[in-house]
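Each chain, letter by letter, is given below.
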Amino acid sequence: MDGNNMASTEFQESLRRICGPAFSVPSSVCCSESQLDTLASNFATPELILGTCPGCLNNFRNFFCSFTCSPDQSLFLDAVRTQDLSEGKQGLAVKEVSFTVDPNYGTKFFDSCKNVKFGATNGYAMDVLGPGARNYKEWFRFLGKESPGLGSPFQISFPDVRPAPPDSPQQPFPPPVNSSIPLDAGALSCSAPELYARCSCLDCPEVCITLPPVPAPDDGPTCRVGKMSCFAFFLVIIYAVGLVSFLAGAAITEGWKRWRNENPATARKGRGWSSDFSSRPISDGYRYDRLPMEDPSAPGSEDNRDHSRSPVPAPQRIVPVDAPKQSNAARPPSGSSGFDSSPSPNNRARNSSDVGAVGSYYTQPKAYPINTFISSGFYHLGFWCAKRAYLTITIGLVICGLLNAGWSRFEVERNPVRLWVAKGSDSARAKSTFDEAFGPFYRTQQFIITLDSDSDHWEPVDRPVLTWDRLKWLESVERHIRDLRTESGISLNDVCFSPSTYPDAPMDSDPCVVQSILGFFGGSVETVGEEGWSEKLNDCANMPGDVDCLAPSGAPLIPKLVMGDIPRDTSTGLLKATEARALIVSFILNNSLDPDQIAKAEEWETVLRTYLEELSEYKAKDVGLAIAFSTEISLEEELNKSSNTDVPIVVLSYVVMFLYVSFSLGGTGGAILRAFYDGARSLLPSSGNDARGRNRSGSITRSVVGSLRGFSGKWLRRRLLVESKLSLGLWGIVIVLLSVSTSVAVFSLIGVKVTLIIAEVIPFLVLAIGVDNVFILVHELERQNAKAYAAIARQGMVPTAMDGDEDDDELEGLPSAEERVARSLARMGPSILLGAACETIAFSLGVLVGMPAVRNFAIYAAGAVAINTILQITVFVAVMALDLKRIEANRLDVLPFLKLPSLSPAEMLSGSGDSVLTWIMKNVFAPALLIRQVKYFVLIIFSGLFVLSWIGARHITLGLDQRLPLPRESYLIDYFNAVDTYLDVGPPVYFVVEGVDTTTRQGQQSLCGRFSTCDEFSVANVLEAERKRPESSFIVEPPAVWVDDFFQWLNPAIDTCCRIKKRNPNQFCTPRDSPFTCKPCYEDREPGWNITMEGLPVGAEFSSFIQQWITSPTDADCPLGGRASYSTSVKLTSEGEVALSHFRTYHSSLKTQDDFINAMAASQRISEDLSEQIGAHVFPYSLFYVFFDQYSYILPTTRQVLAFALLSILIVSSVLLGSWRTSAVICITVLMTVVNILGVMGVWGVSLNGISLVNLVISVGIAFEFCCHIARAFMGALGGGLPFGHPSAERDRDERAYIALIDVGPSVFSGITLTKLVGIAILSLTKSQLLQVYYVRMWLTLIISGALHGLVFLPVALSFQGSQGFSIENEDQDWMSREISSRYEAEARPLFADEESDAESIDTPY
């Protein structure tokens, strides 16, 4: 080291230029020119790494210039060890020096550099200049370590020094070891205002902008009362207050009524409620009673006709209080589906003189014209179809057959973009724009290697995975994958992503992007050997941007992407890569919009998948490893495998439902149970007198014989063989399937594609609605038959041959089959129309929803329901007529060419009684439900269930776990579990900018981040600021800012990057050109390259430079070359202008569905802020966004769909029922059902997504199906009942609810509830988690909740708030009588011989 020398002016200028403005140039120095030149040469690499932060770089220069040239070296430097010079030279050289540095100065120096980014690695400069350094001591220790390259040529030791008080002047410190005075050269702050000190936000957090606070997703309101949220607590309080008020009001009301009835001053004798449920309230000396509907051919029909035209509805009568009370058993309610086989004559007696006793106290409800018109239309339609049954069936099948030609254009939509992303949505445009500008996102093949857990399924093992032998095994595996070839000869280099050769394919696989720890070894571990591999791996993990650690493709590796669960050294903070718990290997393939290129990639991926399957099952286990893997084609293949596995169980569930419908439609099951019941009774010991010659043995013998005779009796044979209705049930199922098939064909013809959801859900929906209608029509026809058979039996008529046909016996006086079918459709057609109209309109409104999967479902569902309804009221009605004729001809079901002996009217009537379900509904369920105390209990329970469901609904999560659609044994489940466990970084996210003119300085400043004049809210600065709050931004890596690296590429300090010809400055040099013929692009320019951007290229010069940069190779000579890093990041026009560019960063590790959804929402928020700040369009793009776009609007979509559906139900049902009050009760019931389902979803772990949204739409339709038939039966019971404000209206509503329950309740219960429960029970056997969660759980909840609300809550609610209706039984008899009369007169086929019988034949059909 030279002594102090006077510095010349030229030397001082050199010092000022090399050491920077922070260095105080002394008049005398302690270094020579040669030392200064060496120092300048050594500064080249730090300038490349730290050049973006002037404060840090100038501190670095100042530090080492003081070390080398300060005239006060003797104060802080001591030579500790020396060594002899090399051979041929005499003297000593320094081996080690002691460099004493002031702690405050060292801390400020380190703070100015610790956050500087290094663009080549998209990491930190400290990872290169001081890997793992957490303070200035650790950093200086690395800088002073004797080593070539970035280290020192001799050892520099930094002794500990006691820090001085922050505000005290510099003073010598008494060091514990020597008498040195610590160096304090005055460190610059990176946030200082001077241009030679101030750094950018990317490198100096102190100058970063302060973004408006954004709460993290988990930082929502935390108001809680104990363990309960405030919202839940508020609901519970409201419910409790309402419950107490309700009970208090009910008690007061009941007390008042009891006092009024018991007080002689206010109540007359006998006034009050009868304890018998069948009686009406006693009022003014009269008792309102129920009577059965009269048959036109019954005795006393003249009185009936007169009474039906009186002001009082036919189903009601008024008798004096002192009149003899009739037996309730002899008075089944009007509208019930069952009739006593031997009605009492008293039931048919009516006293028309009693009508006047009421006066104005009760007024008959007016006929509802809409109902009259609809019933008339259905009567005409039913009679026409029944009369021309074969023609109707032929026309229906032909039309459906022609429409099914649309299957030729059948297509299944599998593209997730066109399934879940609304047309024209931001995500759809983002993906389209990104794919067109930069190409589709790469195809990733990835496998994760961990220690084998000796388990049947993958499990994490908390032990290091790496050894030398396993590293060599991994190298052999990767080499084998690189050598894989398909049968057509496609290899990795044909399909891989190779930015260094882009857009051309590489000659071999070495340039292919493969993210693996072998990249740290240049692709081969043999270069370091068994002794050096661990040190090399640790060094590269901590300095991934080191030239010696670059992958063969030229790109630096991010340790988090190639290793999982890497521990850190507790003392140094350095990564201990050799102790990583997992290795992650990714092969990146090119993606393309060209189908041929995609086919090539898929072909190679198939070969890779086969090899990885073999590797994971056998070869990996031989070395104690486990492999979880995924290829780009894996997900689709496994989903298809899952679908194929599910098909048998789904088909089986539908088959079982079809069998149940066919079996139960004709009451076959009930007949068998009844037969066994009768047989069991006959086996019981006789209670007769033994004196009559009966002994116990003979009694049992005769009982058994009697049982066998009963089992083989005519009634049972007829019930099982003739009335089983298997063929009718089969036709009902065929119509359901035909409606689904026709709907698919029609909409396929007009270009609406089918989705897998449609294929799985539509049959369920149509089957539920269609089977319900089938049961209702069939049961109503049985009701019509029962009335007719009862009338014939009472008159003692016998079968007679008609038209000379011995085989077809008809009963004289029996209405024709066509007539009874027409009456059935006339009575139940309006109810079917009500359900179909509301459901079709509700589903049709789903077309307004933007989500294509839901919109397509709504289209198909509306079409299928409409087509199913049309076929049922035409084709199925025709089949019903044919089946009825077959039954009455006593021909066998399924085998109609076989015939049993004819039955007498009494025998026919014996088989037409109540079914078991009807008997239970009439005698047990309905009477018990409508007890006042029970009704109060029902309201309390269901309102409480509604509150609990509302609370539970708030716990519904969004998303669809990607494991659920997969088979349970799928290898992808292990892969997803491994990703969640070991991948410490999330997917890349790209912020795409379009509309910025980068040829202008303003445009450049709106993007850059590493220069002192960049806009405060530039893209780079905002992304860096967002990175500092990952809890709300979900961004954890520094952004790759192409404009910064482009301008750094121009820096003449890096003389191997941008070069031009010395003789022709307009011509760029290539990497092969000699350095003697080239010079740096910005050498000798005025103004020169600087951190203020002054003098950097704009206009046409910018376009010229960027076109050269984007094609410059990225290699060890110039790591800032744009080809590898940015060739697919910048989209240039033909003129060299930047059309679009993106800024890449990484999401934080995303584990849950909420993480993915929140990450996408955060990116969209950031993009919107950036667009506003820079005045250009910025949008985010990541591969998973397209799958999660639906969740950005699924909540408002759900509310919108459900609101549309409920509103349509309210409007349509109000029109068809003629009552907004009853329609409102229906809507409330449907709403409670849906909320109940939502609550179960929240508790049972069913997330809200496209699948569950479709199921919710279905829930509205099926919940309404549970309600509409009961509501219409209520409106028409007892001739419409009393006005709402009538004193006896409450009891009237009770009886109408009772009648509605026993009229259509059994059909609803057996048609929807039992049918679907049978199917769900079979479906629950599936191994598919998706079916278990989103179909079994949701459908089971729907059916149970729908049945409970429709059969329990709705009748109770109607008994409280149902309005006055209209007469279904009597308002239509005039037009029907005229139709029957005119038709029979025209056909000249009088049914009865005398005029009175003819008049009776045209009386009311009900």
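Preceding this section is the structure that the text describes.
Treat the numbers as computed from the prediction; the structure is a model and nothing was measured.

What counts as what
Residues numbered from 1 in each chain as written. Predicted model: local features only at pLDDT ≥ 70, side-chain atom pairs only at ≥ 80, totals over all residues. Heavy atoms only, no water. Phe/Tyr/Trp six-rings, centres within 6.5 Å; stacked < 30°, edge-to-face > 60°. Helix = DSSP H or I, 4+ residues; strand = E, 2+ residues; numbered from the N terminus. Buried < 20%, exposed > 50% of the residue type's maximum accessible area, 1.4 Å probe, protein only. Lys NZ or Arg CZ within 6 Å of the ring centre and 35° of its normal. Expected span 1.5 Å × (residues − 1). Pairing = 2+ DSSP bridges. Core = buried A, V, L, I, M, F, W, Y, C linked by side-chain atoms within 4.5 Å. Contact = heavy atoms within 4.5 Å. Patch = residues over 30% accessible without salt bridge, like charges linked within 9 Å, V, L, I, M, F, W, Y side chains within 5 Å. Areas by Shrake-Rupley, 256 points an atom, 1.4 Å probe, with all protein chains shown as cover. Salt bridge = Lys/Arg side-chain N within 4 Å of Asp/Glu carboxyl O. Lys, Arg positive; Asp, Glu negative; His and termini not counted. Charge placed at Lys NZ, Arg CZ, Asp CG, Glu CD. Disulfide = S-S within 2.5 Å.

S.K.: Just to check I follow, could you spell out the packing of aromatic side chains for this structure?
M.R.: Two aromatic rings, taken as a pair, are described by how far apart their centres are and by the angle between their planes. Overall, the coordinates contain 54 aromatic pairs when judged by the stated rule. Relative to phenylalanine 1102, the ring of phenylalanine 1046 has its centre 5.3 Å away and its plane inclined at 85°; by these criteria the two rings are edge-to-face. With a gap of 56 residues between them, phenylalanine 1046 in helix α36 (residues 1042-1049) and phenylalanine 1102 in helix α37 (residues 1099-1111) connect regions that are remote in the sequence. The exposure classification of phenylalanine 1046 matches that of phenylalanine 1102, with both residues buried. When the ring centre of phenylalanine 1274 is taken as origin, the NZ or CZ atom of arginine 1296, which lies over that ring, is 4.3 Å away.

S.K.: When you look at helix α12 (residues 369-387) in this model, what are you seeing that I'm missing?
M.R.: Because each turn of an α-helix spans 3.6 residues, side chains separated by three or four positions in sequence point in the same direction. Here α12 is 19 residues long and its end C-alpha atoms lie 27 Å apart, about the 27 Å a rise of 1.5 Å per residue gives. By the burial criterion, the buried members of α12 are Asn371, Thr372, Ile374, Ser375, Ser376, Phe378, Tyr379, Gly382, Phe383, Cys385 and Ala386.

S.K.: Would you explain the pairing of strand β25 (residues 1177-1181) in this entry?
M.R.: Remember that side chains alternate between the two faces of the sheet whenever the strand is regular. Burial analysis of β25 places four of its five residues in the buried class, the great majority of the element. Relative to β25, strand β20 (residues 988-994) runs antiparallel, the two being bridged by five bridges. Its bridge partner lying in β25, phenylalanine 991 is registered against proline 1180.

S.K.: What should I look at first to understand the nonpolar core in this one?
M.R.: It is characteristic of soluble globular proteins that their nonpolar side chains tend to be buried jointly. Formed by 228 residues in total, the largest nonpolar core has its most connected members in Phe857, Trp1042, Phe1046 and Trp1049. When residues in this core are grouped by element, the largest group, 20 residues, is from helix α28 (residues 852-888). The contact partners of phenylalanine 857, leaving out residues within four places of it in the chain, are Ile758, Val761, Ile762, Leu765, Val1254, Val1257 and Ile1258. Within the second largest apolar cluster, 67 residues are counted, among which are Trp468, Val514, Ile973 and Ala978.

S.K.: Got a minute to help me understand a negative patch on the surface in this structure?
M.R.: Together, Asp1055, Glu1083, Asp1084 and Glu1086 make up a region of like negative charge exposed at the surface. Tracing the chain through its elements places aspartate 1055 in the loop between α36 and β21 (1059-1061). By relative accessible area, aspartate 1055 is classed as partly exposed at 46%.

S.K.: What is the right way to read the pattern of salt bridges from this model?
M.R.: Oppositely charged side chains can form a pair if their charged atoms are brought close together. As enumerated under the stated definition, the model contains 39 salt bridges in all. A salt bridge links glutamate 780 to arginine 783; its shortest N-O distance comes to 3.0 Å. Pair noted here: glutamate 780 and arginine 783 are both in helix α26 (residues 756-795), with a separation of three residues, about one helical turn. Arginine 783 matches glutamate 780 in its accessibility class, with the two residues each being buried.

S.K.: I keep staring at the state of the cysteines and nothing clicks. Help me out?
M.R.: Cysteine pairs can be linked by a disulfide, which is a covalent bond between their two sulfur atoms. Under the defined criterion, the tally for this structure stands at eleven disulfides. Here cysteine 53 engages in a disulfide with cysteine 199; their sulfurs sit 1.9 Å apart. Taking the sign of the S-S torsion, about 75° here, the bridge from cysteine 53 to cysteine 199 comes out right-handed. Of this pair, cysteine 53 sits in the loop between α3 (44-50) and α4 (54-69) while cysteine 199 sits in the loop between β7 (155-157) and β8 (224-225); the two residues are 146 residues apart in sequence, bridging distant segments of the chain. Across the pair, exposure class does not vary: cysteine 53 and cysteine 199 are buried alike. There is a disulfide in this structure between cysteine 190 and cysteine 204, and the S-S distance comes to 2.0 Å. Of note, the bridge from cysteine 190 to cysteine 204 carries an S-S torsion of about 60° and is right-handed in sense. With cysteine 190 in the loop between β7 and β8 and cysteine 204 in the loop between β7 and β8, this residue pair connects regions lying 14 residues apart in the sequence. Of the two residues, cysteine 190 and cysteine 204, both sit in the buried class. Left without a disulfide partner, cysteine 1267 is nearest to the cysteine sulfur of cysteine 1268, which lies 7.7 Å away.

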